[in-house]
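The lines below spell out each chain.
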Amino acid sequence: MRRWAQAVALLLVSWALLTWQLGERSLWFDEYLALQMSQGSAAQVVAAAAADVHPPLYFLALGAWTAAAGRSGYAVRWFSAAAGLVAVALMAALARRVLGRRAALPAALLLALTPAFVEFSRMARYYALVVALATLCTLLLVRAARRGSAGAWLAYAAAGLALISTFYPAAVLFAVHGLWILWLVKWEGELHPALVAAHSLWARLRSGRGWLLAVGGVAA
């Protein structure tokens with residue numbers, strides 16, 4: 001119960017930092033541009049994003065949100081702040097799964113109090129959503145690598161597709177995930193214990209076939 005109270009307190013503090021005087025400043029140029037690109041039909045939003053060399057997911061989501069909540073500075077930025085809060089919660093879940101229960105709150109607190117994270121999560125841009133999706137993608141990778149089920153890898157691929165559809169350069173994250181998969185197979189053998197002692201690159205790649213199929217699907 002005490003740990004749950006600490007988690008709730010952390011999320012409340014994070015939300016206060018993300019939303020304090022959120023609508024006080026006028027929208028700056030990039031925020032106004034994002035708002036303009038998110039208006040219109042889905043086809044128009046996709047075309048506007050492509051013309052600005054951006055993937056469309058954030059702008060489609062922002063357009064749906066502003067249609068319901070309005071186009072005030074507070075409402076437009078609230079969407080990013082909410083994504084930032086989700087990122088903090090996901091960081092706690094990721095740290096708990098990788099490093100253990102005691103690491104969850106410190107990891108989430110570190111992210112929640114990082115000045116750059118707070119500042120960029122208060123902007124009507126895709127930054128906070130990218131952090132949330134990247135953290136979710138990594139969490140699902142750890143889950144899929146240890147379970148090995150098709151459903152787990154499909155969830156990882158879906159999160160990866162959403163990430164790439166928000167920010168193209170986030171594709172670099174998949175390279176990092178691939179290196180982790182190779183390390184996991186060679187040194188821990190959690191995917192295929194029989195291949196722990198295998199030294200060939202091909203054997204390690206085969207044991208990570210779930211990751212390869214997931215990333216291949218995202219690329220396709």
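In what follows, the structure referred to is the one given above.
Residues numbered from 1 in each chain as written. Predicted model: local features only at pLDDT ≥ 70, side-chain atom pairs only at ≥ 80, totals over all residues. Heavy atoms only, no water.

Can you tell me about the overall build of the chain, naming the residues and giving the values?
Helices and strands together make up the secondary structure of the chain, namely 12 helices and 0 strands. When the elements of the chain are put in sequence order from the N terminus, they spell out α-α-α-α-α-α-α-α-α-α-α-α. Per-residue burial for the chain yields a buried fraction of 42% across its 220 residues. Pairs at least 24 residues apart make up 66% of the contacts formed inside the chain by residues separated by at least 6 positions. Of the roughly 11700 Å² of accessible surface on the chain, a fraction of 69% belongs to carbon and sulfur atoms. (Helix = DSSP H or I, 4+ residues; strand = E, 2+ residues; numbered from the N terminus. Buried < 20%, exposed > 50% of the residue type's maximum accessible area, 1.4 Å probe, protein only. Contact = heavy atoms within 4.5 Å. Areas by Shrake-Rupley, 256 points an atom, 1.4 Å probe, with all protein chains shown as cover.)

So what's going on with the pattern of salt bridges? Residues and values would help.
According to the stated counting rule, one finds 2 salt bridges in the structure shown. As a salt-bridge pair, Arg25 and Glu119 come within 3.8 Å of each other at their nearest N and O atoms. Within this pair, whereas Arg25 is found in the loop between α1 (2–19) and α2 (29–37), its partner Glu119 is found in helix α7 (residues 115–121), the two being separated by 94 residues in sequence. Here Arg77 and Glu31 are joined by a salt bridge, their closest N and O atoms 2.9 Å apart. A residue pair is termed long-range when its members are at least 10 positions apart, and Arg77 in helix α5 (residues 73–99) and Glu31 in helix α2 qualify at 46 residues. For the residue pair Arg77 and Glu31, the accessibility class agrees, reading buried in each case. (Salt bridge = Lys/Arg side-chain N within 4 Å of Asp/Glu carboxyl O.)

Break down a positive patch on the surface for me, citing the residues and quoting the values.
A cluster of basic residues, Arg2, Arg3, Arg96, Arg97, Arg101, Arg102 and Arg147, forms a positive patch at the surface. Where the positive patch is concerned, the elements lending two or more residues are α1, α5 and α6 (101–112). Note on Arg102: relative accessible area 75%, which makes it exposed. (Patch = residues over 30% accessible without salt bridge, like charges linked within 9 Å, V, L, I, M, F, W, Y side chains within 5 Å. Lys, Arg positive; Asp, Glu negative; His and termini not counted. Charge placed at Lys NZ, Arg CZ, Asp CG, Glu CD.)

Which residues make up the side chain of Ser80, and what values go with them?
On the secondary structure map, Ser80 appears in helix α5. Of the polar contacts made by the side chain of Ser80, one reaches the backbone oxygen of Arg125; its length is 3.0 Å. When near neighbours in sequence (up to four residues on either side) are disregarded, Ser80 contacts Tyr58, Ser121, Met123, Ala124, Arg125 and Ala128. (Polar contact = N/O pair within 3.5 Å; in protein donor to acceptor, adjacent residues only side chain to side chain.)

An account of the packing of aromatic side chains is requested, with residue identities and associated values reported.
Applying the stated rule across the entire model yields 10 aromatic pairs. Pairing Tyr58 with Phe79 gives two aromatic rings, centres 6.0 Å apart and planes at 55°, and the pair type is tilted. Placement of Tyr58 in helix α4 (residues 57–69) and of Phe79 in helix α5 is noted, with a sequence separation of 21 residues between them. Assigned by exposure class, Tyr58 and Phe79 land together as buried. Here Tyr156 and Phe174 contribute two aromatic rings whose centre-to-centre distance is 6.2 Å and whose plane-to-plane angle is 75°, an arrangement assigned as edge-to-face. (Phe/Tyr/Trp six-rings, centres within 6.5 Å; stacked < 30°, edge-to-face > 60°.)

Any chance you could break down helix α12 (residues 209–219) for me, citing the residues and the numbers?
By the burial criterion, the buried members of α12 are Gly210, Trp211, Ala214, Val215 and Val218. The buried residues of α12 occupy an angular sector of 125° when the element is viewed end-on, so they sit on one face. Structural note: α12 exposes Arg209, Leu213 and Ala219 on the side pointing more than 90 degrees away from its buried face. (Arc of directions from axis to C-beta.)

Account for a nonpolar patch on the surface, naming residues and giving values.
A contiguous nonpolar patch, built from Val13, Leu17, Leu109 and Leu113 and spanning about 320 Å² of accessible area, is present on the exposed surface. Locating Val13 in the fold gives a position in helix α1.

Give me α6: which residues, what numbers.
Every α-helix carries 3.6 residues per turn, so stepping three or four residues along brings you back to the same face. Taking 1.5 Å per residue, 12 residues should reach 16 Å; α6 reaches 18 Å between its end C-alpha atoms and fits that length. Against α1, α5 and α7 lie the buried residues of α6. (Expected span 1.5 Å × (residues − 1).)

The values are spatial; any link to function lies outside them.
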